[in-house]
Structure formats: C-alpha cells, structure tokens
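# Coordinate inspection notes
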Amino acid sequence: MPSSIPYGRLMHEAVCGVIRQVLRGVAASGLPGDHHFFITFNTRHDAVDIADWLRDRYPEEMMIVIQNWYDDLQVDDDQFAVTLNFGDAPERLTVPFDAILTFVDPSVEFGWRFERNEEGDTDGTVADTDPDTADAPDTPDTPDAEPDASDPGDTQKADVVSLDTFRKNT
C-alpha cells in the first residue's frame, strides 16, 4: 500500500479526462462557437509521433493550435491524433495525454498547466500560477499550424486554474 494518496496523479488523470472528453466532442461535432485550443506538449515523450523536421525544430516542447484548419481529429483513451497544416504542408501528429503540458481555450478563459519533473515528463501536479497574469501561450515561435488564424500577437487572456486557494497552510 502506498504511504500517501497520490493526489497530484489523480488530478492529472482527471484533467486529462476533461481534455479527452472535450476533444472527443470536437472530433464528433466540430468546434462550437469561438472555441479553439492552444495545446503545448513535450516532444521528448516516448509516445509522441511527429515528423522528424518538427522534432528537430521543437526538440523539447511544441504548441499547436486547433482552430480554423485541422483534419481527422481522432481521440482514444491514451492519446489524440490530428492533421495540421504547417505552411501548406499537412502533417499528422499523435500526442499522448501524458505529454500535454498546457491546454488553453482562450474563448472561455480556461487554461490548465501541468508541472514537469526533471525528466521533462508531467508529474501529475498542477503548476502554481497567478490567474491574473496567466496569458494564452505566445504563438510567434510556433509553426504556422493555422494559416487562417488571427494575428498571433493578438492573444486573448486566459485564466489558468490554480489550486493555491485550496491548499492547507501547515
């Protein structure tokens, strides 16, 4: 029996379940309204499957945008796969939920960021963030995965969920 309850890992699995459910809905019915997603993931995760040139360009982490142009979004229990357009070059990406570092939907000011351990993997804990200063991820350093997207410099503010309020001071 473990010496403590793994709350961090349980929270990680719960949030991945939310992301999985959202992506399954989008795969089935498309993006509703103004919803769109910025998803950052660890490109060094063993189960990430991306083109070699993308891995060379983003050796540690990469942010993708699911908004105007995406194709064949498929979601299963452990991962999602999607085809995105990188400068008129469609590429298929497969991202396990355990590789996700951030998930942001700026249309409703929702965001979640996972802490990483020394190996670069998410460790199941939620990063400490100040919701008043948490912005949507910067997009200028990302590939042109959304050619029809608005100006990348025109990011919308998104609050990141913080558990600090619920932590017990001891």
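Since this is a predicted model, take the numbers as computed values, not measurements. (Residues numbered from 1 in each chain as written. Predicted model: local features only at pLDDT ≥ 70, side-chain atom pairs only at ≥ 80, totals over all residues. Heavy atoms only, no water.)

### Considerations on the sheet that holds strand 3 (residues 70–75)
Within the open sheet, the three strands sit side by side as 3-4-5. Their pairing is antiparallel. Every other strand in the sheet has two partners, leaving strand 3 and strand 5 (90–96) as the edge strands with one partner each. Here the average twist between neighbouring strands, direction ignored, is 15 degrees. In terms of strand pairing, strand 3 meets strand 4 (residues 79–85) through four bridges, oriented antiparallel. Bridging across to strand 4, valine 75 finds its partner in phenylalanine 80. The strands touched by helix 1 (residues 7–29) are strand 3 and strand 4; relative to strand 3, the strand with the most contacts, the crossing angle is about 130 degrees. (Pairing = 2+ DSSP bridges. Helix = DSSP H or I, 4+ residues; strand = E, 2+ residues; numbered from the N terminus. Axes fitted to C-alpha atoms, helices over the stretch in contact; angles between N-to-C directions. Contact = heavy atoms within 4.5 Å.)

### Considerations on unusual backbone geometry
A positive phi angle is found at aspartate 72, which is not glycine, with a value near 55 degrees. Among the structural elements, aspartate 72 can be located in strand 3. Judged by its relative accessible area of 39%, aspartate 72 falls in the partly exposed class. Positive phi outside glycine occurs at aspartate 88, with the angle close to 65 degrees. Taking relative accessible area as the criterion, aspartate 88 reaches 69% and is therefore assigned exposed. (Buried < 20%, exposed > 50% of the residue type's maximum accessible area, 1.4 Å probe, protein only.)

Don't take any of this as a statement about function, it's just geometry.
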